[in-house]
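# Inside the fold
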Amino acid sequence: MSTNTVPGSELSLGDFLRDRRARVSPGPGAQGRRRTPGLRREEVATRAGVSVTWYTWLEQGRGGPPSDDALERIARALELDAAGREVLFLLARQRPPPLHPAAPPSVTPSLQRVLDALPTSPAYVKTPTWDIVAWNAAALAVLADYASMPVRERNVLRRLFGDPAVRASLPDWEEHARFALSVFRIDVARAGGGSEAAALVAELQSTSADFRRLWAENDVRNHGAGLKHLHHSVAGPITLEYSAFAVDGADGLDMVVFTPATPADARAIELLLSRGQLSA
């Protein structure tokens with residue numbers, strides 16, 4: 001196994017493992033005198049449920065790449081926090097760890113304040129399965145009245161493939177739908193799959209021929225940035241520039257911001273907000 005290092009540093013996987021096990025207290029029941037602080041290799045191996053020989057090889061940079069399961073057990077054995085777990089995977093697998101399946105993270109008051117500080121830029125926070133869990137006033141006026149929807153209906157893909165009004169509002173619906181599914185594949189893969197994503201895909205395959213057709217293309221892409229053209233039922237054509245940002249400290253949440261592409265688009269949004277207009 002090659003000795004991977006973090007770019008821009010001399011830290012190797014073996015260095016990292018030795019450093020982290022030296023930081024873990026063996027506890028009051030530890031046996032024998034200790035010349036060095038922390039855990040011994042055999043104690044880490046026992047905690048992680050792996051052989052001492054294999055763990056020793058891992059610290060020495062020998063053998064094949066460890067599995068995700070083995071790395072997860074080593075992370076627990078070394079009592080790593082989220083940042084330490086990420087470094088462990090980057091050094092051992094040259095990629096971040098899969099996200100822990102969990103209930104959707106809550107939107108903090110500070111994150112909601114960020115959304116609200118974008119007065120003429122519609123913005124929302126979404127989960128890996130594209131459920132909208134937070135939004136600002138501009139999003140309600142331009143994109144959808146999420147606040148009045150049942151929670152289940154606050155899903156971008158359900159609306160995109162199941163709501164005729166949404167389809168009619170998007171002049172380039174086909175391109176938009178293909179893009180959404182391509183990013184959704186990446187989002188779900190990063191989150192480690194899961195029953196919720198599988199159930200959503202099965203549901204849309206059973207209800208939408210367009211979803212089945214586009215899903216079969218197997219396209220993948222990152223969200224990135226670009227333009228969104230829509231026809232608002234009150235304001236008419238609006239063009240928005242979109243960008244997506246991962247929410248730090250909340251596995252899987254992304255904030256998507258739509259910025260008016262021109263001064264005219266900004267004025268149209270301002271007018272909708274001044275009238276208290278909510279998008280249908």
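The text that follows walks through the structure, step by step, so that each part is easy to find. Keep in mind that what you see is a predicted model, and the values were worked out from it rather than measured.

## Some details on the overall build of the protein chain
When its secondary structure is counted, the protein chain shows 13 helices and five strands. The proportion of buried residues among the 280 residues of the protein chain is 42%. Restricting to contacts in the protein chain with at least 6 residues of sequence separation, those with at least 24 account for 53%.

## Regarding the sheet that holds strand E3 (residues 225-232)
Picture the strands of a sheet paired through backbone hydrogen bonds; they go either parallel or antiparallel. The strand order across the open sheet built from five strands is E2-E1-E5-E4-E3, with neighbouring strands paired in antiparallel fashion. Looking at which strands have only one partner, the edges of the open sheet turn out to be strand E2 (132-135) and E3. Averaged over all adjacent pairs, the angle separating strand axes in this sheet is 30°, with direction ignored. Across the sheet, helix H6 (residues 109-116) touches strand E1 (123-126), E2 and strand E5 (254-260), and the angle it forms with E2 is around 60°.

## Examining the pairing of E1
A regular strand places its side chains so that they alternate between the two faces of the sheet. Neither face of E1 is open: one carries Ala123 and Val125, the other Tyr124 and Lys126, and all of them are buried. With four bridges joining them, E1 and E5 adopt antiparallel strand pairing. What sits directly across from Tyr124, in E5, is Val256. The hairpin formed by E1 and E2 contains five residues between the paired strands, and Trp130 there has a positive phi angle of roughly 65°.

## Describing the pattern of salt bridges
Under the definition given, this model contains 21 salt bridges. Asp15 is paired through a salt bridge with Arg18; the nearest N and O atoms lie 2.9 Å apart. With Asp15 and Arg18 both in helix H1 (residues 13-23) and three residues apart, this pair spans about one turn of that helix. On the basis of relative accessible area, Asp15 is assigned to the partly exposed category, the value being 32%. For Arg18, a relative accessible area of 32% corresponds to the partly exposed category. Asp19 serves as the salt-bridge partner of Arg20, at 2.3 Å between the closest nitrogen and oxygen. Put simply, Arg167, Glu174, Arg178, Asp210, Arg213 and Glu217 are held in one network by salt bridges that share partners.

## Re the side chain of Ser121
Inspection of the secondary structure puts Ser121 in the loop between H6 and E1. Every residue in contact with Ser121, bar those within four places of it in the chain, is listed here: Asn136, Ala138, Val257, Phe258, Thr259 and Pro260.

## Focus: unusual backbone geometry
One non-glycine residue, Gln94, adopts positive backbone phi at about 60°. Mapping Gln94 onto the fold places it in the loop between helix H5 (82-93) and H6. The residue Asn218 is not glycine, and still its phi comes out positive at about 60°. Note that Asn218 resides in the loop between helix H12 (209-215) and E3.

Parameters at a glance
- Residues numbered from 1 in each chain as written.
- Predicted model: local features only at pLDDT ≥ 70, side-chain atom pairs only at ≥ 80, totals over all residues.
- Heavy atoms only, no water.
- Helix = DSSP H or I, 4+ residues; strand = E, 2+ residues; numbered from the N terminus.
- Buried < 20%, exposed > 50% of the residue type's maximum accessible area, 1.4 Å probe, protein only.
- Contact = heavy atoms within 4.5 Å.
- Pairing = 2+ DSSP bridges.
- Axes fitted to C-alpha atoms, helices over the stretch in contact; angles between N-to-C directions.
- Salt bridge = Lys/Arg side-chain N within 4 Å of Asp/Glu carboxyl O.

This is a description of form; function is not addressed.
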